[in-house]
Each structure stands twice: as C-alpha cells, then as structure tokens.
Amino acid sequence: MDYVSVRVSTLRGDQKIDFNAYIKINDKMILYLRRGDSFEGDRLKRLKEKQLRKMYILTTEEQLYRGYLDRNLEMAYDNASGKDLQTRVEVIQGAQQSNCEEVFENPESKENYDYAKDAAGKYVSFVMSNAQSVSSIMHMENTDKNLAHHGVTVSTLAIALAQKLGINDIKKTQLLTLGALLHDYGHFLSGMNVNQKVADMNPADKLLWWKHPSEGAAKVRDKQHFDQTVINIIAQHEELIDGSGPLGLREKDTDPLATIVCSANAIDRLITFEGVPKSEAAKKLMLERVGQHPLQHIQLLSDIMKGI
Ligand SMILES: [Fe+2]
Ligand SMILES: [Fe+2]
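Residues numbered from 1 in each chain as written. Chains lettered and ligands numbered in written order. Predicted model: local features only at pLDDT ≥ 70, side-chain atom pairs only at ≥ 80, totals over all residues. Heavy atoms only, no water.

Can you walk me through the coordination of the iron ion (ligand 1) in this structure?
By definition of the ideal shapes, four donors in a tetrahedron about a metal sit 109.5 degrees apart, and six donors in an octahedron sit 90 or 180 degrees apart. For the iron ion (ligand 1), every protein donor is listed as Asp184 (OD), His212 (NE2), His237 (NE2) and Glu238 (OE), and the spread of their distances is 2.1 to 2.2 Å. Coordination at the iron ion (ligand 1) is irregular: its four donor atoms span angles of 89 to 173 degrees at the metal. Read N to C, the donor residues that coordinate the iron ion (ligand 1) are spaced as D-x27-H-x24-H-E. If you look at the iron ion (ligand 1) and the iron ion (ligand 2), they sit 3.6 Å from each other and are both ligated by Asp184. You can see Asp184 sitting in the loop between helix 7 (170-182) and helix 8 (185-190) and its partner His237 sitting in the loop between helix 10 (228-236) and helix 11 (256-273), a full 53 residues away along the chain. (Donors = N, O, S within 2.8 Å, 3.2 Å for Na, K, Ca; no water. Tetrahedral: all angles 85-135°; square planar, octahedral: opposite > 155°, others 65-115°. Helix = DSSP H or I, 4+ residues; strand = E, 2+ residues; numbered from the N terminus.)

What exactly am I supposed to notice about the coordination of the iron ion (ligand 2) here?
At this site the iron ion (ligand 2) is bound by His150 (NE2), His183 (NE2), Asp184 (OD) and Asn265 (OD1), with donor distances of 2.1 to 2.2 Å. Geometry at the iron ion (ligand 2) is irregular, judged from the four donor atoms that bind it and their angles of 83 to 178 degrees at the metal. Sequence spacing of the donors to the iron ion (ligand 2): H-x32-H-D-x80-N.

Would you explain the nonpolar core in this entry?
Here is a general trend for soluble globular proteins: nonpolar side chains tend to be buried in one another's company. One finds Tyr123, Leu182, Phe226, Val230 and Ile267 to be the most contacted residues of the largest nonpolar core, which totals 62 residues. Residues contacting Ile267, with those up to four places away along its chain left out, are Leu157, Ala281, Ala282, Leu285, Leu301 and Met305. Judged by nonpolar contacts, the second largest core, of 16 residues, contains Val6, Ile17, Ile57 and Tyr68. (Core = buried A, V, L, I, M, F, W, Y, C linked by side-chain atoms within 4.5 Å. Buried < 20%, exposed > 50% of the residue type's maximum accessible area, 1.4 Å probe, protein only. Contact = heavy atoms within 4.5 Å.)

Before we go on, may I ask you to explain the state of the cysteines in this structure?
Working definition of a disulfide: a covalent bond connecting the sulfur atoms of two cysteines. A full pass over the atoms with the stated rule returns zero disulfides. Summary of cysteine pairing: Cys262 is not part of a disulfide, and the nearest cysteine sulfur, belonging to Cys100, is at 18 Å. (Disulfide = S-S within 2.5 Å.)

When you look at a nonpolar patch on the surface in this model, what are you seeing that I'm missing?
Taken together, Met286, Val290 and Leu295 make up a surface patch of nonpolar side chains, about 250 Å² in accessible area. Counting through the fold element by element, Leu295 comes out in helix 13 (residues 295-306). A residue is classified by how much of its surface remains accessible, and Leu295, at 46% relative accessible area, is partly exposed. (Patch = residues over 30% accessible without salt bridge, like charges linked within 9 Å, V, L, I, M, F, W, Y side chains within 5 Å. Areas by Shrake-Rupley, 256 points an atom, 1.4 Å probe, with all protein chains shown as cover. Salt bridge = Lys/Arg side-chain N within 4 Å of Asp/Glu carboxyl O.)

Got a minute to help me understand the domain arrangement of the protein chain in this structure?
It is common to give the size of an interface as the accessible area that goes away when the parts come together. Domain annotation of the protein chain identifies domain 1 (1-83) and domain 2 (84-306). Distance from the C-alpha centre of domain 1 to the C-alpha centre of domain 2: 27 Å. Taken together, the contact between domain 1 and domain 2 spans 20 residues of the former and 29 residues of the latter. Counting the surface lost from both domain 1 and domain 2, the interface buries some 2000 Å², and carbon and sulfur atoms represent 49% of this. The tally of links from domain 1 across to domain 2 stands at six salt bridges. Counting residues per element, the side of domain 1 that touches domain 2 draws most heavily on helix 2 (residues 62-77), at five residues. In terms of residue class, the side of domain 1 that touches domain 2 is built from four nonpolar, eight polar and eight charged. (Domains from an automatic or database assignment. Buried area = accessible area lost by both parts, 1.4 Å probe. Nonpolar A, V, L, I, M, F, W, Y, C, P; charged D, E, K, R; others polar.)

Printed below as a string of structure tokens:
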C-alpha cells in the first residue's frame, strides 16, 4: 500500500477526520487515528511531546484529506461559524505553522510561497478583527520548541504591535506577517539548537546564531517569487537600533517592518527558548534591552502582554 505524509499541525480541531491516519514506527505503519475520530486534547499533546511532526495517510485517501483541510480552515476563518475561538485558533495556528514548514522545506516552490502569502493576508485580518485571538495564540504553548510554531507566535505579536502603531496598509501587514512567519529560516538551514540563551551559547553555536539572518536571506535572495520585504525581514530581524546586531545596521538603515519583527521576536525568544514566564518577558525587555529596541515598541508589547 502507498502512503503519503501529512503534517500533524494540520489535523487540529474538533472536526472528525474522514480518513485513517498512521504513524510510522520501525518502518511499520501503525493506525493511530481512525476515520471518525478527532484530533484534540491528550492525543495531540502526546504527539507533540514525542516531537512527531508527520503522520501518514493512504495515497488513495489524499483527496479526503485535502477536503478535510479546506473545510476545517474555512470553518475556522468563518466569524459566523459559532465555533469557540480556541478551537478556531488551534486550526488556524496549525495551518500557519504548516505553511511555514512547507516554505522552509521547499523554498524554490512558487506555489508554496504564494499559498503562504495568501494565507498570511487572511491571518492578518483574522487577528486584527478578533481582539482575543492574540491571547489565544499566546496560550498555545510551544512545547516542542518548534521553529515554525515560533514563527507563528512572532507574526502574531508583530501584527498586534503593528496594529497599535497604526500600520493599516494591507499589503504591508501581509508582508510583515509572512516575513515574521519565515524570519528564522537561517536556523532551519543550520539545524542548530536554538533552545538555549544566546548569552550561554558556545562559540560554534554563537557563530551560527550570529550568521542565521544573512545565511537565511542568502538562500532565498535569488528566488524570483520572494518579496523584497520578506527577504529584508529575514536578513535584518536581529538588528538592534543601537547598531549592535549582526549586520551593524542602525534603525534608520533597517526596514521598519524588520524592526517590528525584531521586537516581537525578542519577546518570544525569551518565552519559548529562554524559559522566561510570559508575565515577565516584557519587563525583562524593559530592564535589559532599552536602547536596543524602540522604546515605543517595548511599551506597546508590554501592554499587549498584559492582556494575555
Ligand atoms: Fe532569529
Ligand atoms: Fe526568532
């Protein structure tokens, strides 16, 4: 029998699946989730803890899977669906995470990129029009320290920050979201352990860390379908306004959208990879990073984090 892999993150929500889902153990396919089951609660948690990112379905059931994905996402984006926000957010977060991984694994695909770009546009309007969504997304803990999950979180904080800064241009916010989603492509390429404090990294890791924005940008710069703004965000998202970032750029020479992603990233780096509680992250930024991020960003992020 032929199997095709599907991403675990796309199977979230309370909707029943109409295909069988398998996991692969020692080259054997084990039926894990049966047709008619849904993918929630403990089951999802256990798989996340195992860091299992892919499951398998029968090739003959691929159409059923596609149909499930479309229905699931359509329901989640529908403000009139009557579903609770947490369920909707889980489905949407999973889809965004999957879009990020698809581009990371296959950046030469224009189709993957365009799909992720279109989805980024939908995501912005969802977050901006559902005030509670930021809090719901921030409550989805990144237990497996997944880079794509981090990308979704950073894009969400970046949208919230942009909204407070009064940036409403749809084209800009869409590219901000896509750039924030993909910002750590360089880490995906190097495969380094990001789950440690930058200050505590050994010299080899520190060097990889220092180079990840430019390495990530270098790999996509020649791809015609990548927007320049997205490349700027990947290249400049660790630039600090005092010029102490990897490229030594000051704020006036940095893409303003990259500066927004940098501030949003600083918060989620502390929470996801440095073990700082959500309630402390903004305060830590305020105490230790004044002069490295725009003060207004720190203050607004502090307001955003208070509402979570
Ligand atoms: Fe980064
Ligand atoms: Fe990051």
